[in-house]
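Geometric and topological summary
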Amino acid sequence: MNFKHLRYFWTVAKAGGVMRASEQLHTTPQTLSGQIRQLEEWLGHDLFRKRGRGLELTPEGRIALGYADQIFTLGDELEGAIRLARSQERPLEFRVGVADSLAKSVVYHLLEPALGMSQQVHMTCQEGKFPELIAQLSLHRLDLVLADEPVSRKIGVKAFNHPLGTSSLSFLCAPALKAQLRGPFPECLHEAPMLIQGPMSSVRQQLDHWLNRYRLQPRIVGEFDDSALMNAFGREGRGVFTAPAVLEAETTAQFGVEVIGRSAELVEEFFAISVERRITHPCVAAITRAARGALFAAE
């Protein structure tokens, strides 16, 4: 497509006529009409039709105008972004996807180093299902995906897993519910109300096997893809729930719950997933460095 022709069409549509547009573009009406005619021939449709002494857009012309609006708006934004004054620092864009199965406290601790850099950062967080986030990453709409599972080769997306660390799991509940539990851990979980992760969570699969191994049959009250919602129900005493042991102290303080037991057999893994094998994005580098050096160091 000749974008000069598209610009002429767009100007005529906005100006309301060829004469006004020719004055704005400093060209003759004949030249302008000829350029628009070439665009119509290329598209295979008339974009204008005569109405009285003026012109009006055809249905195809209205469609073309909508796209032209988007194209030239983006062009103006591009020009403005490139021509920023050197003295004006442009924030570093950081687009991150967060798997909804991740505990929000863990996500905060993982992402906080990116905002603590000396360079100004504009971070955009998108929460969603793991496969959907990986699809966005493959289209370069995200710089990073944080998840509790690695991306598999079976998905067919060229992405690289950067392990951040691991944490065993703690079992917690409200004090009133803890007083009702019978026996030591983990036997106390048998027939106890419990809140668990959704079936697609990697932790859920481990938990199911672990419960079967110890022949425990808790009464499942709810299944949650969103860990924050699960924690909220746990705070209200609706059931026993799990949380990463690395955030045990923070979870008990925030939700007023108590630890009833821990299992080193249940391990939650955390991954940063990017389309680059060697990390170059400053925010991703800060996240991986902080996670490996402090957050999961005790695990």
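In short, a report on the structure. (Residues numbered from 1 in each chain as written. Predicted model: local features only at pLDDT ≥ 70, side-chain atom pairs only at ≥ 80, totals over all residues. Heavy atoms only, no water.)

Digging into the environment of Ala 21
- You can see Ala 21 is positioned in helix 2 (residues 18-25).
- Remark: the alpha-carbon pair of Ala 21 and Leu 266, spanning 245 residues in sequence, is separated by 70 Å.
- Sequence-distant contacts of Ala 21, that is, excluding residues within four places in its chain, are made with Thr 11, Val 12, Ala 15 and Leu 32. (Helix = DSSP H or I, 4+ residues; strand = E, 2+ residues; numbered from the N terminus. Contact = heavy atoms within 4.5 Å.)

Quick notes on the side chain of Asp 143
- Following the sequence through the fold, Asp 143 ends up in the loop between helix 6 (130-138) and strand 5 (144-147).
- With relative accessibility at 18%, the residue Asp 143 sits in the buried group. (Buried < 20%, exposed > 50% of the residue type's maximum accessible area, 1.4 Å probe, protein only.)

Topic: the pairing of strand 7 (residues 193-197)
- Across the 5 residues of strand 7, 5 count as buried, placing the element largely inside the fold.
- Relative to strand 8 (residues 219-224), strand 7 runs parallel, the two being bridged by 5 bridges. Paired with Ile 196 across the strands is Glu 223, a residue of strand 8. (Pairing = 2+ DSSP bridges.)

Description of the pairing of strand 2 (residues 54-57)
- Relative to strand 2, strand 1 (residues 48-51) is paired through 4 bridges, and the arrangement is antiparallel. Note on strand 2: the bridge partner recorded for Lys 50 is Leu 55.
- Between strand 1 and the antiparallel strand that follows it, strand 2, lie 2 residues; Gly 52 among them carries a positive phi value of about 65 degrees.

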